[in-house]
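A look at the structure
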Amino acid sequence: EDQVTQSPEALRLQEGESSSLNCSYTVSGLRGLFWYRQDPGKGPEFLFTLYSAGEEKEKERLKATLTKKESFLHITAPKPEDSATYLCAVQQGSSNTGKLIFGQGTTLQVKP
Amino acid sequence: EADIYQTPRYLVIGTGKKITLECSQTMGHDKMYWYQQDPGMELHLIHYSYGVNSTEKGDLSSESTVSRIRTEHFPLTLESARPSHTSQYLCASSANRGPKSSYNSPLHFGNGTRLTVT
């Protein structure tokens, strides 16, 4: 069964304290792994797509990496505005529908 | 800068009422989706559409129905709301890269409708 598990569920950091969020997945034929950011009361906002093991993407203080079993979202020197819930999702390999399986998210709080 | 719009943002309604959640996108995307999200839980797909006159049920069983008469519009309807339908409903769309493409464009989400059925 296709599954996505994110850890930790919640993470508190001091401003400037770097850390990583984990997304472990099991899927038959990965078509893509997606990272989203969700602020309270809003819909998820797209961050990155990763397609194959070894691939990396960067955007400001965020860097996403991918292996055959997991993805990491590295946050370097975070700021309070990075506080949000970060969602990981994988595209099922059996179809081209674009359907995604989501993890439950990691809620990040960055204190000044 | 949302190009996908959901209305209403919040809805409180009594049991047994019929409701329609609106979703419109201005990006010309062929694929559209409805996800359901409870606090602290994963998003679950309840409906999706490949294009006009195409609708499919998602992985999570839902008593709601959808229609796709126009590319830009994908409303969700509950004929008789119940307290168990209380949740956040998120609409999304993605570009179509063509039938032979193995990959899909990322989903663009609206800001959701938070539904409370009393």
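Our structure's up above, just so we're on the same page.
Along each chain, numbering runs from 1 in the same order as the chain's sequence is written. A letter from A marks each chain and a number from 1 marks each ligand, given out in the order of writing. Two thresholds apply to this predicted model, a pLDDT of at least 70 for residue-level local features and 80 or more for giving and counting side-chain atom pairs, whereas whole-chain, interface and lining totals are computed over all residues. Heavy atoms throughout the structure, all of them, feed into the side-chain values; hydrogens and water do not.

Of the regular secondary structure elements, chain B holds zero helices and 11 strands. Each helix corresponds to a stretch of at least 4 residues labelled H or I by DSSP, and each strand to a stretch of at least 2 residues labelled E; elements are numbered beginning at the N terminus. The linear arrangement of helices and strands in chain B, starting from the amino end, is β-β-β-β-β-β-β-β-β-β-β. The quantity called the radius of gyration is restricted to C-alpha atoms. Its globule counterpart is 2.2 Å times the number of residues to the power 0.38. For 118 residues, the compact-globule estimate of 2.2 N^0.38 gives 13 Å, and the C-alpha radius of gyration of chain B, at 14 Å, lies within 12% of that figure. Overall size of chain B, expressed as C-alpha extent along the three principal axes, is 45 × 30 × 25 Å. A total of 118 residues make up chain B; the buried ones form 47% of that total. Asp and Glu are treated as the negative residues and Lys and Arg as the positive ones, with His and the ends of the chain left uncounted. One atom stands in for each charge, and that atom is NZ of Lys, CZ of Arg, CG of Asp or CD of Glu. For chain B, the separation between the mean place of its 11 positive charges and that of its 11 negative charges on side chains is 3 Å. Burial classes follow relative accessibility: with a 1.4 Å probe on protein chains only, a residue under 20% of its type's maximum area counts as buried, one over 50% as exposed, and anything between as partly exposed.

Turning our eyes to something else, we now look at the packing of aromatic side chains. Pairing of aromatic rings covers Phe, Tyr and Trp, the last counted by its six-membered ring, and requires centre-to-centre distances within 6.5 Å; plane angles under 30 degrees mean stacked, over 60 mean edge-to-face, and any other angle means tilted. Under the defined criterion, the tally for this structure stands at eight aromatic pairs over all chains. An angle of 85 degrees between the planes, with centres 5.6 Å apart, marks the rings of A:Y36 and B:F109 as edge-to-face. Of the two residues, A:Y36 is situated in strand β4 (residues 33-38) and B:F109 in strand β10 (residues 108-109); the pairing between them involves two chains. You can call A:Y36 buried: its relative accessible area is 0%. The lysine or arginine in question, B:R68, covers the ring of B:F74, its NZ or CZ lying 5.8 Å from the ring centre. Geometrically, a lysine NZ or arginine CZ counts as sitting over a ring once it is within 6 Å of the ring centre and also within 35 degrees of the ring normal.

Right, let's talk about the state of the cysteines for a bit. For this text, the term disulfide refers to a pair of cysteine sulfurs within 2.5 Å. Under the definition given, this model contains two disulfides over all chains. Residue A:C23 pairs covalently with A:C88 via a disulfide, S to S 1.9 Å. Every disulfide takes its handedness from the sign of the S-S torsion; for A:C23 and A:C88 that torsion is -65 degrees, giving left-handed. Separated by 65 residues along the polypeptide, A:C23 in strand β3 (residues 19-26) and A:C88 in strand β9 (residues 84-91) bring together distant segments of the chain. For the pair shown, A:C23 and A:C88 are each scored as buried. Here B:C23 connects covalently by a disulfide to B:C91, the sulfurs 1.9 Å from one another. Because the torsion about its S-S bond is -75 degrees, the bridge between B:C23 and B:C91 counts as left-handed. Highlighted residues: B:C23 in strand β3 (residues 19-25) and B:C91 in strand β9 (residues 87-94), separated in sequence by 68 residues.

Residue and element names in this part refer to chain A. Any carboxyl oxygen of Asp or Glu that lies within 4 Å of a side-chain nitrogen of Lys or Arg is treated as forming a salt bridge with it. Tallying each qualifying case throughout the model produces seven salt bridges over all chains. The salt bridge partner of R37 is D39, with a shortest N-O separation of 3.1 Å. Among the residues examined, R37 registers a relative accessible area of 16% and is labelled buried. Looking at D39, the relative accessible area reads 24%, which means it is partly exposed. Among the ionic pairs, D82 bridges to R61, the shortest N-O distance being 2.8 Å. You can see D82 sitting in the loop between β8 (70-75) and β9 and its partner R61 sitting in the loop between β6 (56-59) and β7 (62-66), a full 21 residues away along the chain. Judged by relative accessible area, which is 6%, D82 ranks as buried.

One finds A:L33, A:W35, A:L73 and A:Y86 to be the most contacted residues of the largest nonpolar core, which totals 24 residues. Secondary structure elements with two or more residues in this core: β2 (10-14), β3, β4, β5 (45-50), β7, β8, β9 and β11 (106-111) of chain A. Per element, the largest residue contribution to this core is four residues, and it comes from β9(A). Residue contacts are defined here by distance: any two heavy atoms, one from each residue, within 4.5 Å place the two residues in contact. When near neighbours in sequence (up to four residues on either side) are disregarded, A:L33 contacts A:C23, A:Y25, A:F48, A:T49, A:L50, A:L66, A:S71, A:C88, A:A89 and A:V90. Counting residues in hydrophobic clusters, the runner-up holds 17 residues, among them B:I19, B:M32, B:W34 and B:V66. By convention a nonpolar core is built from buried Ala, Val, Leu, Ile, Met, Phe, Trp, Tyr and Cys residues, the set being connected through side-chain atoms within 4.5 Å.

All names here are of chain A. The strand order across the open sheet formed by five strands is β1-β3-β8-β7-β6, and the pairing between neighbours is antiparallel. Two strands lie at the open edges of the sheet, namely β1 (3-7) and β6, each paired on one side alone. Pairwise comparison of adjacent strand axes, ignoring direction, gives a mean angle of 15 degrees for this sheet. Strand direction decides the pairing type here: β6 and β7, joined by four bridges, are antiparallel. Among the inter-strand pairings, E56 is bridged to a residue of β7, identified as T65. Pairing between two strands requires that DSSP report at least two bridges joining them. Between N-to-C directions, angles cover 0 to 180 degrees, with each direction set by a line fitted to C-alpha atoms, over the stretch in contact for helices.

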